[in-house]
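Chain residues, written in single-letter form:
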Amino acid sequence: MSLRLMTLALFVWTLAAVSSAQAGDVDAGRRKAEPCAACHGADGNATIVGMPSLAGQPAWFTHWALIKFRDGRRKDPVMSPFAARLSDVDMADLSAYYAAQPPRRRPQAVDAAKAAAGKELASLHHCTSCHRPDLSGQNQVPRLAGQDLEYLLKLLRAYKAQTAGDLEGLMTQAAQPLSAADIENLAHFMAISPASPAP
Amino acid sequence: MLRIALISVVVVLTNVFALGLVQAQQPPPAWQQGRPPELSNSPLAPVAAPPTPTPAAQIPVNKVKLPPGFKITVWADGILNARQMAWGDKGTLFVGSRVAGNVYAVVDRAGRREVKVVAKGLVMPNGVVFKDGALYVADIPRLLKYENIEANLDNPPAPKELYTFPKEAHHNWRFLAWGPDSKLYFNMGAPCNICMPPDTHANISRMNADGTGFEYVAHGVRNSVGADFHPVTKELYFTSHGRDWAGDDFPNDTLHHAPRKGLHFGWPYCHQGDTVDPDFGQGRSCSEFAPPLLKLGPHIAPVGTRFYTGSLFPPEYKNRLFIAQKGSWNRSQKLGYRVMTVELKPGQPPKYEVFAEGFHEGNTVLGRPTYIEWMKDGSMLLSDDFHGAIYHITYQR
């Protein structure tokens, strides 16, 4: 194992070691997720077009997303009222439950030519430096691989329009140079990528 | 001038590329900007912020080492992403945050601390100060004023918007501090790791408490998130974060002294007072700029910067500067994660000493000391934005 790999392994282990003390309860999360199943699927793999899958998302990502829905930085007519009723413990439990579910790539019609163009763009626009080379996400950064195409399009367009409310402004900044065609190509590449769970 | 012309050409070309004629490499995320190609596989990245505060019983505060007679305890927990602190007139402690988007009020109820969220959904409301019954909060991009807030902690008033700061998010979470001139001092950080900043960025500035009378105070300041005024001379001292991706040991983060307004402190041309930047320092000399008072260590991330004016700590601490260091990310071995003191005596070099250490073990983060506030009895409150807690450091001889 090279020194660099060891450092990376240590870095990932460090985060896991620190975060585990505060992790939510998967079983409690399973019960609390029952009202979410109608849109997001019982195991967090959604089937309705436009609805994001939450299975295999990093727990910190889901938790921060719920915080943003609750405090109004992120707005959605369906999600905002749900999040408004959640306690901090509910959010931790739900996030832990979804993180523990194996993700599946969404069965959807994806344009291979667009996806090939999107693969180039993902490198040019540094998507992989936070979302990881396989787009599986990490920490507060979501898994994009195998996600619902319509949802990916909606979010990327919202970041471009500066209405998506990201934590540190990184995605809003990253989306500014994207053309409508770029967004389309990127979303197709993300949607077609195999859905491996986050580390 | 040639450089400016070249940048203009690059900007024009970039715009042409963006129109789809050619697909060009795009700017990386802000934290990664300036990283040389040979480090493209570096695992180094900013330490992610947890979405939950750590319960007091799980915070490894027993690992913190202090000088003899000092003691540290968890004073309050459950304050997600706790950053700058400010006392209200009636004994409420207000606490800002960064990614949590909250401003908190901590109220002491017979030794038990109750934490209330008084503002939420703000964009990085790091800076908080208090004056004449009003809480001032700096988020991005606004300066907000909450009047008569201590009487309305459960139903906070809608804030007045006093001022609009630059809208860029990067390095624009800011400290707030009242100067001896009763003006409000704050930073406007560089919108990048290393770049030629617009005039509106990379400085410390001030304005009147009502948001009027803006003026620059210090130029060439990459990212300062902590400052204070000397208890005797009333002059401004501030810390600043040096650039990333130029090596584990370069450049140092720095302590600066600004006895008058208008000085330029070197960035992006000169780092740590003695080394010109390989790209932006061409044709420039460090002798053109006001040098730092002290090199604080590479990537150690100085945040809370406060003079000690109390009388609880031993007399040698009187008027010493305390610097809370959140700790490094852009370095293969973690450094910082501590509180240091600086003794400043006329005609003598600054004396730089460890006060509190042990907030990391090797590369494992045990805590991130962030901002400092003083209790009435002279003891210290120290926020930790990783655990979402506030520590209390007391002294008994």
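Since this is a predicted model, take the numbers as computed values, not measurements.

### Structural notes on the domain arrangement of chain A
How big an interface is tends to be expressed through the accessible area that disappears when the partners come together. All names here are of chain A. Each domain of chain A was delimited in the assignment, giving domain 1 (24-99) and domain 2 (112-192). Taking only C-alpha atoms, the centre of domain 1 and the centre of domain 2 are 21 Å apart. Across the domain 1/domain 2 interface, buried area totals approximately 1,400 Å², and carbon plus sulfur atoms make up 51% of it. Where domain 1 touches domain 2, the interface holds one salt bridge. Remark: the boundary between domain 1 and domain 2 carries seven residue pairs in polar contact (both at pLDDT 80 or more). Classifying every residue of the side of domain 1 that touches domain 2 gives nine nonpolar, four polar and four charged.

### What about helix α6 (residues 88-99) of chain A?
Residues and elements named next belong to chain A. Between the first and last C-alpha of α6 there are 17 Å, a value that for 12 residues agrees with the 16 Å anticipated at 1.5 Å per step. In terms of residue burial, α6 counts as a mostly covered element, since nine of its 12 residues are buried. Of the positions making up α6, those classed as buried are D90, M91, A92, D93, L94, S95, A96, Y97 and Y98. Contacts from the buried residues of α6 go to α2 (26-32), α3 (37-40), α4 (59-71) and α5 (79-84).

### A closer look at the side chain of B:N193
Residues and elements named next belong to chain B. Among the structural elements, N193 can be located in the loop between β11 (184-188) and β12 (203-207). Within the structure, the side chain of N193 is placed 2.7 Å from the backbone oxygen of Q33, a separation counted as a polar contact. Apart from residues lying up to four places away in sequence, N193 is in contact with A30, Q33, G34, R222, R243, D244, W245 and W267.

### Points about the packing of helix α7 (residues 112-124) of chain A against helix α11 (residues 180-192) of chain A
Residue and element names in this part refer to chain A. Contact pair α7 / α11: the axes reach a minimum separation of 7 Å and the direction vectors enclose 100 degrees. Taken together, the axis directions place α7 and α11 in an arrangement best described as roughly perpendicular. For the pair α7 and α11, the contacting residues are K114, A115, A117, G118, K119, L121 and A122 in the first and D182, E184, N185, L186, H188, F189 and I192 in the second. For the contact of α7 with α11, the class distribution of residues is seven nonpolar, three polar and four charged.

### Thoughts on the packing of aromatic side chains
Counted according to the given criterion, the structure contains 31 aromatic pairs over all chains. Taking the centre distance of 6.0 Å and the plane angle of 80 degrees together, the rings of B:F313 and B:Y317 count as edge-to-face. Taken individually, B:F313 and B:Y317 each receive the classification buried, so the pair is uniform in this respect. An aromatic cluster is defined as three or more aromatic residues linked by ring pairs; in this entry it consists of B:F70, B:Y308, B:F313, B:Y317, B:F322, B:F355, B:W374 and B:Y395. It is A:R85 that lies over the ring of A:F82; its NZ or CZ is 5.4 Å from the centre. Taking NZ or CZ as reference, B:R320 lies 4.6 Å from the ring centre of B:Y317, over its face.

### Re the interface of chain A and chain B
Contact with chain A, which involves 34 residues of that partner, is made by 37 residues of chain B. Of the roughly 3,200 Å² buried where chain A meets chain B, counting both sides, 62% is carbon and sulfur surface. There are one salt bridge connecting chain A and chain B. Here B:R98 and A:E168 are joined by a salt bridge, their closest N and O atoms 2.7 Å apart. On inspection of chain A and its partner chain B, the count reaches seven residue pairs in polar contact (both at pLDDT 80 or more). Contributions of two or more residues to the side of chain A that touches chain B are made by α1 (3-19), α4, α7, α8 (127-131) and α10 (170-175) of chain A. Per-element tally for the side of chain A that touches chain B: the top contributor is α1(A), with eight residues. Each residue belonging to the side of chain A that touches chain B can be placed in one class, and the counts come to 16 nonpolar, 12 polar and six charged.

### A few points about the pattern of salt bridges
Per the counting criterion, the structure on display carries 36 salt bridges over all chains. Salt-bridge contacts for A:E184 lead to A:K114; the nearest nitrogen and oxygen are separated by 2.9 Å. Of this pair, A:E184 sits in helix α11 while A:K114 sits in helix α7, and the two are 70 residues apart along the sequence. Linking B:D154 and B:K116 is a salt bridge whose minimum nitrogen-to-oxygen distance equals 2.7 Å.

### A word on unusual backbone geometry
Residues and elements named next belong to chain B. Residue F250 is joined to P251 through a cis peptide bond whose omega torsion reads -15 degrees. Tracing the backbone through its elements, the reader meets P251 in the loop between β15 (236-240) and β16 (252-258). The peptide bond linking W267 to P268 adopts the cis configuration, its omega dihedral lying at 5 degrees. Structurally, the position occupied by P268 is in the loop between β17 (263-264) and β18 (270-271). For M124, which is not glycine, the phi torsion reads 45 degrees and is therefore positive. Its location among the elements puts M124 in the loop between β5 (112-119) and β6 (127-131). A positive phi angle is found at W245, which is not glycine, with a value near 60 degrees. Here W245 is to be found in the loop between β15 and β16. Among the residues examined, W245 registers a relative accessible area of 5% and is labelled buried.

### So, the environment of B:H241
Residue and element names in this part refer to chain B. Note on placement: H241 falls in the loop between β15 and β16. Accessibility expressed as a relative area gives 15% for H241, which makes it buried. For the pair H241 and A190, spaced 51 residues apart in sequence, the C-alpha separation works out to 10 Å. Once residues within four sequence positions are removed from consideration, H241 is found in contact with R222, N223, V225, D253, A301, P302 and V303. A distance of 2.7 Å separates a polar side-chain atom of H241 from the backbone oxygen of P302.

### Thoughts on empty space enclosed by the protein
All names here are of chain B. Under the counting rule described, the total for this entry stands at three cavities of 30 Å³ or more. In this structure, the largest cavity occupies an estimated 160 Å³ of space. Forming the boundary of the largest cavity are 19 residues, of which T254, H256, W267, C270 and Q272 lie nearest the centre. Looking at the lining of the largest cavity, the elements that each hand over two or more residues are β15, β16 and β18. Sort the elements by how many residues they give to the lining of the largest cavity and β16 lands first, with three residues. Residues belonging to the lining of the largest cavity are distributed by class as follows: seven nonpolar, 10 polar and two charged.

Parameters at a glance
Residues numbered from 1 in each chain as written. Chains lettered and ligands numbered in written order. Predicted model: local features only at pLDDT ≥ 70, side-chain atom pairs only at ≥ 80, totals over all residues. Heavy atoms only, no water. Domains from an automatic or database assignment. Buried area = accessible area lost by both parts, 1.4 Å probe. Salt bridge = Lys/Arg side-chain N within 4 Å of Asp/Glu carboxyl O. Polar contact = N/O pair within 3.5 Å; in protein donor to acceptor, adjacent residues only side chain to side chain. Nonpolar A, V, L, I, M, F, W, Y, C, P; charged D, E, K, R; others polar. Helix = DSSP H or I, 4+ residues; strand = E, 2+ residues; numbered from the N terminus. Expected span 1.5 Å × (residues − 1). Buried < 20%, exposed > 50% of the residue type's maximum accessible area, 1.4 Å probe, protein only. Contact = heavy atoms within 4.5 Å. Axes fitted to C-alpha atoms, helices over the stretch in contact; angles between N-to-C directions. Parallel < 35°, antiparallel > 145°, perpendicular 65-115°, else oblique. Phe/Tyr/Trp six-rings, centres within 6.5 Å; stacked < 30°, edge-to-face > 60°. Lys NZ or Arg CZ within 6 Å of the ring centre and 35° of its normal. 1 Å grid on protein atoms, 1.4 Å probe; cavity = no way out; pocket = protein on both sides within 12 Å on 5 of 7 lines; lining within 4 Å. Points joined across faces, edges and corners; volume = space filled by probe spheres on them.

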